[in-house]
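# Inside the fold
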Amino acid sequence: NAGVTQTPKFQVLKTGQSMTLQCAQDMNHNSMYWYRQDPGMGLRLIYYSASEGTTDKGEVPNGYNVSRLNKREFSLRLESAAPSQTSVYFCASSAGQGSYEQYFGPGTRLTVT
Amino acid sequence: LAKTTQPISMDSYEGQEVNITCSHNNIATNDYITWYQQFPSQGPRFIIQGYKTKVTNEVASLFIPADRKSSTLSLPPVSLSDTAVYYCLVVLDKLIFGTGTRLQVFP
């Protein structure tokens, strides 16, 4: 039982490059989330998926797209990376249905130069 | 206008009880208030969740007044390993993490 897994763990991009961050959970959770955490700051919600087949914008969605591929997997795509997107990205999942008891992955540390 | 407010930092000594408050004036009426703990270079870890009044689990207690405009996380006598950043998570117009409180526990 791995919980929430994220790949890659580290990534360096040049401005304008694209990439997809992968997230998978094995807890049969309905809801999945993508957050970013800038150095010394709190977490901000980028996008979430309340259930398979649905996605919604969070607090800071600009510059990102997401795909809920199936119940297990939720990917985050940066189409044209910018230095302002340098951050640590966390994926999380929860059972949903009003509960925000979320389980977090280990994070992806992204640097955009 | 801050969406949530938490003290930036708190100091405590081992064996003391610690209370951390999060203010959230515009909270949605039908959602849980949740608290997390985060250690450096790790994702947040769930501590406790409640809707109103008082909730207690094996790790902490959570006090929520009737107007739900704030919540207080109460940690039992703390140890050095409780040194971490503590966040509230609430639903305002969106799901919002609090600003975080850095708790330092001294021997």
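A few points on the structure.

Criteria and cut-off values
- Residues numbered from 1 in each chain as written.
- Chains lettered and ligands numbered in written order.
- Predicted model: local features only at pLDDT ≥ 70, side-chain atom pairs only at ≥ 80, totals over all residues.
- Heavy atoms only, no water.
- Contact = heavy atoms within 4.5 Å.
- Buried area = accessible area lost by both parts, 1.4 Å probe.
- Salt bridge = Lys/Arg side-chain N within 4 Å of Asp/Glu carboxyl O.
- Polar contact = N/O pair within 3.5 Å; in protein donor to acceptor, adjacent residues only side chain to side chain.
- Nonpolar A, V, L, I, M, F, W, Y, C, P; charged D, E, K, R; others polar.
- Helix = DSSP H or I, 4+ residues; strand = E, 2+ residues; numbered from the N terminus.
- Buried < 20%, exposed > 50% of the residue type's maximum accessible area, 1.4 Å probe, protein only.
- Core = buried A, V, L, I, M, F, W, Y, C linked by side-chain atoms within 4.5 Å.

## Some points on the interface of chain B and chain A
Taken together, the contact pairs 19 residues of chain B with 19 residues of chain A. In total, chain B and chain A occlude about 1600 Å² of area from one another, counting both sides; carbon and sulfur atoms represent 56% of this. Per-residue buried area on chain B facing chain A is highest for Lys94, Leu95 and Phe97 of chain B; these three make up 32% of the total on that side. Here chain B is connected to chain A by one salt bridge. The closest approach of N and O atoms between Lys3 of chain B and Glu59 of chain A, which form a salt bridge, is 3.4 Å. Our count for the chain B to chain A interface comes out at 11 residue pairs in polar contact (both at pLDDT 80 or more). Across the side of chain B that touches chain A, the residue classes tally to 10 nonpolar, six polar and three charged.

## Things to note about the environment of Val105 of chain B
Residue and element names in this part refer to chain B. Residue position: Val105 is located in strand E10 (residues 101-106). On the accessibility criterion, Val105 (3% relative accessible area) is buried. Between the C-alpha atoms of Val105 and Asn25, which are 80 residues apart in sequence, the distance is 29 Å. Apart from the residues within four sequence positions on either side, Val105 is in contact with Ser12, Tyr13, Glu14, Val78, Ser79, Leu80, Asp82 and Thr83.

## Some points on the nonpolar core
Counting residues in hydrophobic clusters, the biggest one holds 22 residues, and the most contacted among them are Trp35, Leu73, Leu75 and Tyr86 of chain B. Only strand E2 (18-23), strand E3 (33-38), strand E4 (45-50), strand E6 (61-64), strand E7 (70-75), strand E8 (84-91) and E10 of chain B provide two or more residues apiece to this core. The biggest single contributor to this core is E8 of chain B, with four residues. Grouped together as the second largest cluster of nonpolar side chains are 20 residues, Met19, Tyr47, Leu76 and Ala81 of chain A included.

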